[in-house]
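Descriptive analysis of the structure
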Amino acid sequence: MSRFVLVGARVMTEEGLRDGLAVEIADDRIAALIPLEALTGDLPRRDLAGGLLLPGFIDTQVNGGGDVLFNDAPTVETIARIGAAHRRFGTTGFLPTLISDDLRVVEMALTAVRAAQDSGVPGVLGAHIEGPFLSHERQGIHDPGHFRTLDETGLELFERGWGISMLHTLAPEMVDRSAVRRLAAAGVILAAGHTNATYTRMRDGFADGFTGVTHLFNAMSPITSRAPGVVGAALESEAWCGVIVDGRHVDPVTLKLALKCHRLDRFMLVSDAMPCVGGNRHSFLLQGKPIYVRDGACYDDAGTLAGADLDMASAVRNAVGMLGLDLAVASRMASGAPAAFMGLDHETGQIAAGLRADLVLLDDDLTVRETWIGGIDSAGA
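These lines cover the structure that appears in this document, whether it is placed above or below. What you see is a predicted model, and the numbers here were worked out from it, not measured in a lab.

**Remarks on the packing of helix α3 (residues 152-159) against helix α4 (residues 177-185)**
α4 packs onto α3 with a crossing angle of 20° between their chain directions and a minimal axis gap of 9 Å. On the basis of the axis angle, α3 is roughly parallel to α4. In this structure, α3 crosses over α4, and the sense of that crossing is right-handed. Along its contact with α3, which presents Glu-152, Leu-155, Phe-158 and Glu-159, the element α4 presents Ala-179, Arg-182 and Leu-183. Tallied by class, the residues present in the contact of α3 with α4 amount to four nonpolar, no polar and three charged.

Following this line, the structure appears as structure tokens:
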């Protein structure tokens with residue numbers, strides 16, 4: 001058994017940042033949080049020499065990174081490369097995300113995620129399939145040529161026992177309510193996105209099994225004076241809300257208003273990252289369409305946002321700087337909330353005894369110094 005103690009950093013606990021704590025690691029788990037004055041024994045100590053020790057970030061929407069896109073090659077190798085790129089920015093758990101594609105490609109993606117988990121690729125928590133049962137009115141950057149009706153073939157694919165956590169984004173108005181109930185009963189985590197649903201249809205969706213919304217405000221029916229839309233239904237509900245905090249997808253003032261209207265612990269930071277994150281490319285193809293990276297965002301020729309040039313460490317800094325959130329709140333939005341949304345909070349998302357040793361060490365300016373996934377640090381990965 002590998003046992004050691006991390007000392008010398010301020011530790012983010014459920015009560016906030018605390019000084020004078022040691023974090024004992026035993027194999028892949030956090031064994032204990034120990035006041036320094038009570039620390040005894042001869043366990044090896046790693047002095048972190050200051051900084052902030054937070055739960056590792058969990059990103060439920062990762063299209064790509066390290067110059068590769070999951071849709072281009074839904075393989076174990078692609079997943080590993082994406083994970084390694086995002087780990088540099090504090091992400092210790094992620095969902096490789098496939099945007100709307102043929103069901104054959106969806107099956108390849110789910111097979112690859114299962115194989116990545118079985119082979120021990122660090123940080124893979126499951127899969128996110130975004131589409132292809134989406135609204136033409138709210139297609140965003142998705143290729144509507146891949147959109148289809150959720151028929152029995154599609155249902156059987158998603159209901160199959162894949163043995164992984166699966167998040168599926170779809171438009172409530174594009175599927176029968178009975179199909180939503182079947183997917184929820186099969187254990188698929190459902191989020192509404194790329195949807196033009198009415199307020200009433202979205203409320204029905206929440207009753208049927210939707211528990212979240214994908215990139216709140218983006219590619220969904222907005223709040224208007226006489227039509228609350230998906231945004232209104234989400235903010236009124238108990239839904240988990242993913243938000244892209246890059247200052248481009250949603251104005252910070254709009255996000256600040258949303259934070260006042262909804263349970264704070266139900267917001268999750270997501271990157272919606274594209275291949276440019278952790279890579280060197282300033283342009284790439286998305287299903288044959290040229291995408292350009294400029295001024296911290298990704299656009300097609302028409303100026304449509306195409307995912308994001310955002311990492312989770314930047315999202316946390318933006319949540320603090322743009323939205324004025326306390327670091328403890330931003331940390332929960334980046335770790336505890338997505339873990340709870342995925343039903344994985346018994347495994348990860350906090351620095352607490354018994355949970356996986358998924359950690360990120362930040363400097364005081366919130367830049368990443370080091371990560372641990374299951375107790376293994378960046379150097380040993």
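**As for the side chain of Thr-92**
Here Thr-92 shows up in strand β11 (residues 91-99). On the basis of relative accessibility, which here comes to 2%, the residue Thr-92 falls in the buried class.

**Focus on empty space enclosed by the protein**
In total, this model carries two cavities of 30 Å³ or more according to the counting rule given. Roughly 60 Å³ of internal volume is contained in the largest cavity. Considering the residues around the largest cavity, the lining is formed by Thr-60, Gln-61, His-128, Leu-167, Ala-191, Val-213, Thr-214, His-215, Gly-242, Met-268, Val-270 and Phe-341. A breakdown of the residues in the lining of the largest cavity according to their chemical character gives six nonpolar, six polar and no charged. Of the volumes computed, that of the second largest cavity is approximately 30 Å³. Forming the boundary of the second largest cavity are Val-5, Leu-39, Thr-40, Gly-41, Leu-43 and Arg-45. Looking at the lining of the second largest cavity residue by residue, the class counts come to three nonpolar, two polar and one charged.

**A word on the pattern of salt bridges**
Summed over all chains, the structure comprises 20 salt bridges. For Arg-10, the salt bridge is made with Asp-19, and the minimal N-O distance between the two is 3.1 Å. Overall, the relative accessible area of 35% leaves Arg-10 in the partly exposed class. With a relative accessible area of 55%, Asp-19 lands in the exposed category. Put simply, Asp-118 and Arg-114 hold a salt bridge, and the shortest N to O gap is 3.1 Å. Taken as a pair, Asp-118 and Arg-114 lie in helix α2 (residues 103-118) at a separation of four residues, close to a single helical turn. Relative accessible area serves as the criterion here: at 58%, Asp-118 is assigned to the exposed category. What emerges from the salt-bridge pattern is a single network uniting Arg-177, Arg-181, Asp-204 and Asp-208.

**Brief notes about the nonpolar core**
Core analysis: the largest hydrophobic core is formed by 79 residues, its most contacted members being Phe-57, Ile-79, Val-213, Leu-216, Phe-267 and Leu-269. The leading source of residues in this core is α2, at eight residues.

**Remarks on the sheet that holds strand β6 (residues 45-47)**
Strand order in the open sheet formed by four strands is β5-β4-β1-β6, and the pairing between neighbours is mixed. A single partner strand is all that each edge strand has here, and the edge strands are β5 (29-35) and β6. Here the average twist between neighbouring strands, direction ignored, is 25°. Note: strand β4 (residues 21-26) against β5, six bridges, orientation antiparallel. Looking at the pairing, Glu-24 lines up with Ala-32 of β5.

**Overview of the packing of α2 against α3**
Contact geometry for α2 and α3: axes closest at 11 Å, N-to-C directions at 5°. By the criterion of interaxial angle, the relationship of α2 to α3 is roughly parallel. For the pair α2 and α3, the contacting residues are Leu-103, Val-106 and Glu-107 in the first and Thr-153, Gly-154, Leu-157 and Phe-158 in the second. The residue makeup of the contact of α2 with α3, split by class, is four nonpolar, two polar and one charged.

**Side note on helix α9 (residues 327-334)**
Three or more residues of α9 are buried, namely Leu-327, Ala-330, Ser-331, Met-333 and Ala-334. Here the buried residues of α9 occupy an arc of 160° about the axis, which is enough to place them on one side. Between a side-chain oxygen at the N-terminus of α9 and the backbone nitrogen of Ala-328 the separation is 2.8 Å; the capping residue is Asp-326.

**Points about the sheet that holds strand β15 (residues 210-213)**
Taken in spatial order, the eight strands line up as β8-β11-β12-β13-β14-β15-β16-β17 in an open sheet, and their pairing is parallel. Every other strand in the sheet has two partners, leaving β8 (57-62) and β17 (267-269) as the edge strands with one partner each. Across the sheet, the axes of successive neighbouring strands diverge by a mean angle of 25°, strand direction being ignored. When strand β12 (residues 127-130) meets strand β13 (residues 166-170), the two strands line up parallel, connected through four bridges. Residue His-128 lies in a different strand from β13, and its bridge partner there is Leu-167. Of the strands in this sheet, β13, β14 (189-192) and β15 are in contact with α4, which crosses β14 at around 140°. Those strands touched by helix α5 (residues 199-208) are β14 and β15, and its axis lies near 125° from that of β15.

**Remarks on the state of the cysteines**
Scanning the model with the defined rule gives zero disulfides in all. Note on Cys-276: no disulfide assigned, nearest cysteine sulfur contributed by Cys-298 at a separation of 3.7 Å.

Criteria and cut-off values
- Residues numbered from 1 in each chain as written.
- Predicted model: local features only at pLDDT ≥ 70, side-chain atom pairs only at ≥ 80, totals over all residues.
- Heavy atoms only, no water.
- Axes fitted to C-alpha atoms, helices over the stretch in contact; angles between N-to-C directions.
- Helix = DSSP H or I, 4+ residues; strand = E, 2+ residues; numbered from the N terminus.
- Parallel < 35°, antiparallel > 145°, perpendicular 65-115°, else oblique.
- Left-handed = near helix turned anticlockwise from the far one by under 90°.
- Contact = heavy atoms within 4.5 Å.
- Nonpolar A, V, L, I, M, F, W, Y, C, P; charged D, E, K, R; others polar.
- Buried < 20%, exposed > 50% of the residue type's maximum accessible area, 1.4 Å probe, protein only.
- 1 Å grid on protein atoms, 1.4 Å probe; cavity = no way out; pocket = protein on both sides within 12 Å on 5 of 7 lines; lining within 4 Å.
- Points joined across faces, edges and corners; volume = space filled by probe spheres on them.
- Salt bridge = Lys/Arg side-chain N within 4 Å of Asp/Glu carboxyl O.
- Core = buried A, V, L, I, M, F, W, Y, C linked by side-chain atoms within 4.5 Å.
- Pairing = 2+ DSSP bridges.
- Arc of directions from axis to C-beta.
- Polar contact = N/O pair within 3.5 Å; in protein donor to acceptor, adjacent residues only side chain to side chain.
- Disulfide = S-S within 2.5 Å.

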